[in-house]
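# Structural overview for review
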Amino acid sequence: MGELLDELLQIALMYLPAMVSNASPVFLKRGTPIDFGRNFVDGKRILGDGKTWEGFLLGMWFGITVATSLWVGTEDFRYFLYGSMGSLGALLGDMFFSFIKRRIGLPRGAPFPLGDQLDFFLGATALMVASGWRPQAFPWLVMAFVIVMLHVMTNRIAYWLGLKDVPW
Ligand code: CTP
Ligand code: K
Ligand code: MG
């Protein structure tokens with residue numbers, strides 16, 4: 001039991017930078033679009049106005065700050081390595097799903113069931129695992145559920161606080 005709790009906590013801390021990097025761009029109201037306003041071959045925006053350079057850099061900044069703090073606090077370099085990769089993966093995963101949303105014709109901010117809930121988590125996990133992270137399967141599944149639920153809840157809270165125009 002103690003070991004399981006330990007593993008759950010470790011996994012949660014590994015994802016903390018990714019969660020922070022995913023959440024911080026929401027404080028920006030406008031910025032320079034990553035796609036610079038350009039269209040894809042289908043005539044629709046590549047990513048749309050909801051993905052900005054400012055948001056990306058802010059997310060990386062806060063994500064890496066949290067990852068560095070965890071490294072210093074635990075003296076375990078893996079928190080910096082996987083945390084920073086998770087921060088990058090979260091932002092790329094978010095961009096990837098915006099790309100898919102634009103291809104199927106969904107405008108910025110339109111709901112995209114499952115995509116909106118899993119985007120950052122899948123991106124973060126992909127880059128963390130690609131850089132060598134190997135969590136145990138069962139505690140990882142438990143934390144995956146908790147983190148995705150937390151993401152859904154924080155999006156609603158951000159909407160209630162007036163930070164987001166939509167609750168997803
Ligand atoms: N944001 C940003 N830059 C990013 C990611 C997010 O500026 N790289 C900001 C935008 O203001 C965005 C808000 O955070 O509107 C919320 O992010 P998200 O819900 O992912 O974007 P959406 O506006 O819903 O756009 P999309 O439909 O492309 O997901
Ligand atoms: K998103
Ligand atoms: Mg959205």
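Residues numbered from 1 in each chain as written. Chains lettered and ligands numbered in written order. Predicted model: local features only at pLDDT ≥ 70, side-chain atom pairs only at ≥ 80, totals over all residues. Heavy atoms only, no water.

## What about the coordination of the potassium ion (ligand 2)?
Our working rule: Sodium, potassium and calcium take a 3.2 Å donor cutoff, other metals 2.8 Å, and in both cases only N, O and S atoms count; water is not among them, so sites may look incomplete. Secondary structure elements follow DSSP: runs of H or I no shorter than four residues count as helices, runs of E no shorter than two count as strands, and numbering proceeds from the N terminus. Three labels apply to residues, based on accessible area from a 1.4 Å probe with only protein chains included: buried if under 20% of the type maximum, exposed if over 50%, partly exposed otherwise in between.
Within the protein, the potassium ion (ligand 2) binds to D94 (OD) and D119 (OD); these donor distances fall in the range 2.5 to 2.6 Å. Between the potassium ion (ligand 2) and the magnesium ion (ligand 3), a spacing of 4.1 Å is present. Here the residue D94 occupies a position in helix α3 (residues 77-103), and D119 occupies one in helix α4 (residues 115-130), the gap between them amounting to 25 residues. Pair check on accessibility: D94 and D119 agree, each one buried.

## What about the packing of aromatic side chains?
Just so we agree on the cut-off: Pairing of aromatic side chains requires ring centres within 6.5 Å, counting the rings of Phe and Tyr and the six-membered ring of Trp. Pairs whose planes differ by under 30 degrees are stacked, by over 60 edge-to-face, and all others tilted. Consider the ring centre and the ring normal. A charge sits over the ring if Lys NZ or Arg CZ is within 6 Å of that centre and within 35 degrees of that normal.
Taken as a whole, this structure holds eleven aromatic pairs when the rule is applied. Ring plane angle 40° and centroid distance 5.1 Å describe the contact between W71 and F80, whose orientation is recorded as tilted. Each member of the aromatic cluster is reached from another via a ring pair, and the members are Y15, F121, W133 and W140. Directly above the ring of F99 sits R103, whose terminal nitrogen or CZ lies 4.8 Å from the centroid.

## Details of the nonpolar core
For clarity, the threshold we go by: Remark: nonpolar core denotes a set of buried residues (Ala, Val, Leu, Ile, Met, Phe, Trp, Tyr, Cys) joined through side-chain atoms within 4.5 Å. We call two residues in contact whenever any of their non-hydrogen atoms come within 4.5 Å of each other.
Ranked by internal contacts, the top residues of the largest apolar core, which has 21 residues, are Y15, F121, M128, W133 and I147. Elements represented by at least two residues in this core include exactly α1 (2-23), α2 (53-74), α3, α4 and α5 (137-160). No other element matches α1, which puts seven residues into this core. What M128 contacts, discounting residues up to four positions off in sequence, is M14, Y15, Y82, G86 and W133. Listed in part, the six residues of the second largest apolar core include I34, L47, L91 and M95.

## Concerning the side chain of N155
Summarising the element assignment, N155 is placed in helix α5. Once you skip the residues sitting within four places of it in the chain, N155 turns out to touch K164, V166, P167 and W168.

## Examining the site of ligand 1
Our working rule: Working definition: residue near molecule or strand if any one of its non-hydrogen atoms lies within 4 Å of it. We call two N or O atoms a polar contact when they sit within 3.5 Å, provided that within protein one can donate a hydrogen and the other can accept it, with sequence-adjacent residues counted only if both atoms are side-chain atoms. Throughout, the Shrake-Rupley method with a 1.4 Å probe supplies accessible areas, and for residues the shown protein chains are the sole cover considered. Just so you know the grouping, Ala, Val, Leu, Ile, Met, Phe, Trp, Tyr, Cys and Pro go in nonpolar, Asp, Glu, Lys and Arg go in charged, and all remaining residues, Gly too, go in polar.
Taken together, 16 residues are adjacent to ligand 1, and K51, T52, S98, R102 and G109 come closest. The contact in question runs from an oxygen atom of ligand 1 to an N or O atom on the side chain of S98, over 2.7 Å. At a separation of 2.8 Å, an oxygen atom of ligand 1 approaches a polar side-chain atom of R108. The protein chains hide 88% of the 570 Å² of surface that ligand 1 would expose on its own. Among the secondary structure elements, those contributing two or more residues to the shell around ligand 1 are α2 and α3. With four residues, α3 is the largest single contributor of residues to the shell around ligand 1. Each residue belonging to the shell around ligand 1 can be placed in one class, and the counts come to five nonpolar, five polar and six charged.

## Some points on the UniProt feature "transmembrane region" (unreviewed entry) in the chain
Selection criterion: UniProt positions are given in the numbering used here, feature names are shortened, and annotations may be inferred rather than shown by experiment.
In the numbering adopted here, UniProt assigns the feature "transmembrane region" (unreviewed entry) to residues 12-28, 55-73, 79-100 and 137-154. Annotation note: span residues 12-28, helix share 71%, strand share 0%, distance between end C-alpha atoms 26 Å. The span residues 55-73 is 100% helix and 0% strand, and its two end C-alpha atoms sit 27 Å from each other.

## A short note on the packing of α1 against α4
Note the following rule: Fitting a line to C-alpha atoms yields each axis, with helices limited to the stretch in contact; the angle taken between N-to-C directions then spans 0 to 180 degrees. In what follows, roughly perpendicular refers to angles from 65 to 115 degrees, roughly parallel to angles under 35, roughly antiparallel to angles over 145, and oblique to any angle outside these ranges. Two helices crossing with the near one rotated counterclockwise from the far one by less than a right angle form a left-handed crossing, whereas a clockwise rotation gives a right-handed crossing.
Running from N to C, α1 and α4 cross one another at 135°; their axes reach a closest spacing of 10 Å. Between α1 and α4, the angle is such that the two are oblique. The handedness of the crossing between α1 and α4 comes out as right-handed. Within the contact between the two elements, α1 uses M14, Y15, A18, M19 and N22 and α4 uses F120, F121, A124, T125 and M128. Here the contact of α1 with α4 is built from residues that sort into eight nonpolar, two polar and no charged.

## Considerations on the pattern of salt bridges
Test applied: One side-chain nitrogen of Lys or Arg within 4 Å of one carboxyl oxygen of Asp or Glu is enough to make a salt bridge.
Evaluated as defined, the whole model comprises six salt bridges. Residue R45 is joined to D35 by a salt bridge in which the shortest nitrogen-to-oxygen separation is 2.9 Å. With R45 in the loop between α1 and α2 and D35 in the loop between α1 and α2, this residue pair connects regions lying ten residues apart in the sequence. Residue classification places D35 among the buried positions, given a relative accessible area of 3%. The residue D42 makes a salt bridge to R103 at a minimum N-O spacing of 2.6 Å. Here R103 lies in helix α3 and D42 lies in the loop between α1 and α2, a separation of 61 residues in the sequence. Judged by relative accessible area, D42 falls into the partly exposed class, the value being 34%. Residue classification places R103 among the buried residues on the basis of a relative accessible area of 18%.

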